[in-house]
Amino acid sequence: MGLFSQTPQRVYLDWNATAPLLPAARDAWMQAAETAWANANSLHAEGKAAGRVLEEARERIAALTGGAAGEWIFTSGGTESIHAALYGCVSARGARRRIVSSQGEHASTRAILDDLQSRGFEVVRVGLSAEGHWDPDEVLAASDPACTAMVSLIWAHNETGAISDVGSVAARLRERKIPLHLDAVQVPGRSPFDLSLLPAALVSVSGHKFGAPKGIGGLFVRRATPWRRWMLGGEQERGRRSGTSNVAGAHAMATALAEAVSTDVAALARRRDAFESRLEATIPGMVRIGGGLRLPQTSLVCFDGVDSAPLLLRLDDRGIAVSSGSACTSGRTDPSPTLLAMGLSAARAHGALRVSFGPATAPRALEHLASVLADEVAALRAG
Ligand code: PLP
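Here's what I pulled together on the structure shown here. (Residues numbered from 1 in each chain as written. Predicted model: local features only at pLDDT ≥ 70, side-chain atom pairs only at ≥ 80, totals over all residues. Heavy atoms only, no water.)

Let's talk about the overall build of the protein
So the rule is basically this: Runs of E in the DSSP output that reach at least two residues are strands. Runs of H or I that reach at least four are helices, and both are numbered from the N terminus. The quantity called the radius of gyration is restricted to C-alpha atoms. Its globule counterpart is 2.2 Å times the number of residues to the power 0.38. Buried residues are those whose accessible area, probed at 1.4 Å on protein chains only, stays under 20% of the maximum for their type, while exposed residues exceed 50% and partly exposed ones sit between those limits. Note on contacts: a residue pair qualifies if any of its non-hydrogen atoms lie within 4.5 Å across the two residues. To be clear on the numbers: accessible area is Shrake-Rupley with a 1.4 Å probe, and residue cover counts the displayed protein chains and nothing else. Charge counting follows a simple rule: Lys and Arg are positive, Asp and Glu are negative, and His as well as the terminal groups are ignored. Positions of charges follow a simple convention, taking NZ of Lys, CZ of Arg, CG of Asp or CD of Glu.
Tallying secondary structure elements over the protein gives 13 helices and 12 strands in all. Taken against the 2.2 N^0.38 rule, which gives 21 Å for 383 residues, the C-alpha radius of gyration of the protein at 21 Å falls within 12% of a compact globule. Referenced to the eigenvectors of the C-alpha coordinate spread, the extents of the protein come out at roughly 65 × 50 × 35 Å. The buried share of the protein, taken over its 383 residues, is 54%. At a minimum sequence separation of 6, the contacts of the protein that also span at least 24 residues come to 73%. Looking at the protein as shown, the accessible area adds up to about 16,100 Å², and 55% of this sits on carbon and sulfur atoms. One way to put it: in the protein the 40 positive side-chain charges average out to a point 3 Å from where the 38 negative ones average out.

Re the packing of helix α2 (residues 45-65) against helix α8 (residues 247-260)
Heads up, the condition is: In this analysis an axis means a line fitted to C-alpha atoms, helices contributing only their contacting stretch, and an angle means the value between N-to-C directions, from 0 to 180 degrees. Working definition: roughly parallel below 35 degrees, roughly antiparallel above 145 degrees, roughly perpendicular at 65 to 115 degrees, and oblique for all remaining angles. What makes a crossing left-handed is the near helix being turned counterclockwise from the far one by less than a right angle; a clockwise turn instead makes it right-handed. Residues were grouped as follows: Ala, Val, Leu, Ile, Met, Phe, Trp, Tyr, Cys and Pro as nonpolar; Asp, Glu, Lys and Arg as charged; and all remaining residues, including Gly, as polar.
For the pair α2 and α8, the least separation of the axes is 9 Å and the interaxial angle reads 25 degrees. Between α2 and α8, the angle falls in the class roughly parallel. In this structure, the crossing between α2 and α8 has a hand that is left-handed. Within the contact between the two elements, α2 uses Ala50, Val53, Leu54, Glu56, Ala57, Arg60, Ile61, Leu64 and Thr65 and α8 uses Val247, Ala250, His251, Met253, Ala254, Thr255, Leu257 and Ala258. Classifying every residue of the contact of α2 with α8 gives 12 nonpolar, three polar and two charged.

So, the pairing of strand β4 (residues 122-126)
Note the cut-off: Strands were regarded as paired on the criterion that DSSP finds at least two bridges between them. Every crossover in which the path from the first strand over the helix to the second runs clockwise, viewed with the strands pointing away from the viewer, is termed right-handed.
Pairing of strand β3 (residues 98-102) with β4 involves five bridges; the strand directions are parallel. Bridged to Ser102 within β4 is Val126. Tracing the backbone out of β3, into helix α4 (residues 107-118) and back to the parallel element β4 gives a crossover that is right-handed.

Things to note about helix α9 (residues 265-282)
Basically, it comes down to this: What a helix should span is 1.5 Å times the count of its residues minus one.
The end-to-end C-alpha distance of α9, which contains 18 residues, comes to 26 Å, matching closely the 26 Å that a straight helix rising 1.5 Å per residue would cover. For α9, the secondary structure elements touched by its buried residues are β9 (286-288), β10 (298-303), β12 (353-356) and α13 (365-382).

Looking at unusual backbone geometry
The backbone phi angle of Ala224 is positive, close to 75 degrees, even though this residue is not glycine. Note that Ala224 resides in the loop between β8 (217-221) and α7 (236-239). Classification of Ala224 as exposed rests on a relative accessible area of 80%. Even without glycine at this site, Arg238 takes up a positive phi of about 50 degrees. Within the fold, Arg238 resides in helix α7. The exposure class of Arg238 is exposed, given its relative accessible area of 55%.

Section: helix α6 (residues 166-175)
Threshold: Note: the arc covers the axis-to-C-beta directions of the helix.
Buried residues of α6: Val166, Val169, Ala170 and Leu173, and no others. The arc enclosing the buried residues of α6, seen along the axis, measures out at 100 degrees, which places them on a common side. Contacts made by the buried residues of α6 are with α5 (136-142), β5 (148-154) and β6 (180-183). Positive phi shows up at Lys177, right after α6, with a value of about 60 degrees.

Quick look at the structure:
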C-alpha cells in the first residue's frame, strides 16, 4: 500500500480521536496556504496581507463562539491550549496554590496536574458519578477563594461523551473570582458552545476535532483573567504566544467551525440511540457505559467476557475503525482512569469500545457495525 493511498470502502467511526477534514476547510486551507503564505508578523505588504487573513479568522471564531476577537489566541491544538491555560493561570495567582479538577480529565491535563503537584501545588481531583459526570457541588465545596489558584475541568468527555454541568460552576466560580478553565476540545459541533452565556475564564479547543487540519487550536482567555504567557521567545499573538502563526490553519479552523456549529445534533443523537438499541437487542451481555447528558455521536459499550483489544483488531480487519478508549493513550495496558473513577472494574474498563461518528458518516455505517459486532463478539466468546 502506498504511503498516501486510501481504501474508500472503510468505515471510519473514530471521530473523537480526529474528525475527517471538511471539504470547505480543506479549500480554505489551500487558498490561504497559496495566497497568505507570508509571515503574519512581517511588516511588508505580504506579511500584512497574511496578518489580515489571520485577524479575519479570529473575528469569525469570536463571532461564532460569543467571545471577542482579542480574547482568542491561536495555538497548535488542544494539548498546547491546555498547557497555556494551566501554567499561564497558576503563575499569575501568587500565593494561591490549590488547583481543583476532576478524576476524569484528558491525559494532557492529568500530566500537568501531576507536574504542578510535584512542584508543591495542592491538587484536588473530585470524583465522577457512575454516568461519568463530575459534581458541581463537589467542585464548589473544594474551591475556597482564599487558597484556590484555579479550577480546570473537562466539559465533554472524549471517552464516555459525558457532558458535565459547566454552567452552574462557571457562574458561581466567577462570583468567587476563581478562574475556571474548561477543556472544550470535544464540544464544538457536538453541543452548544456560547461563551457569552458561559462565564468561564479560559476555554481550550482543537481544530482537528471538528474538521479543520491538525496543528491548529485555540485558547479563549476572557478579558481581565489572571494569566501570564506560557511560551517564550517571540511576540506573536499580541505577545501572548510565540512561534510563527499558522495562518492557513486559522483560516481553515474558522471555516470548519462555521460548518460545525450548524450540525443537526438531534439527528446524530437519534442515530446513536438506534445503534445502541440494536446492540442491546441483538448482543446478549452488552453493557452501555455512561449515561445522562452526553455527546450525541459517542457510544461507549462493552460486551461481557470480551476484551476490546482483540475485538478492535477484528473490526479493523473487517474494514471498520473504532477505538478502545482515548486514542491519545491507545497502546496502553492500564485501564482508563476515567472508567475506574466511574466505578467500573478493571476487566470491564478493558472491554470498553468507543464508537464516535459525525454528520458525514454514511447512513448505514452504524447498522453495518452493529451486525459485524454481533458476529465478532459471538466468535470471540466461542473462543
Ligand atoms: N482534551 C480532550 C478532551 C481531547 O479529546 C483531546 C484529544 O484527544 C485533547 C484534549 C488534546 O487535543 P489535541 O489532540 O488537539 O492536542
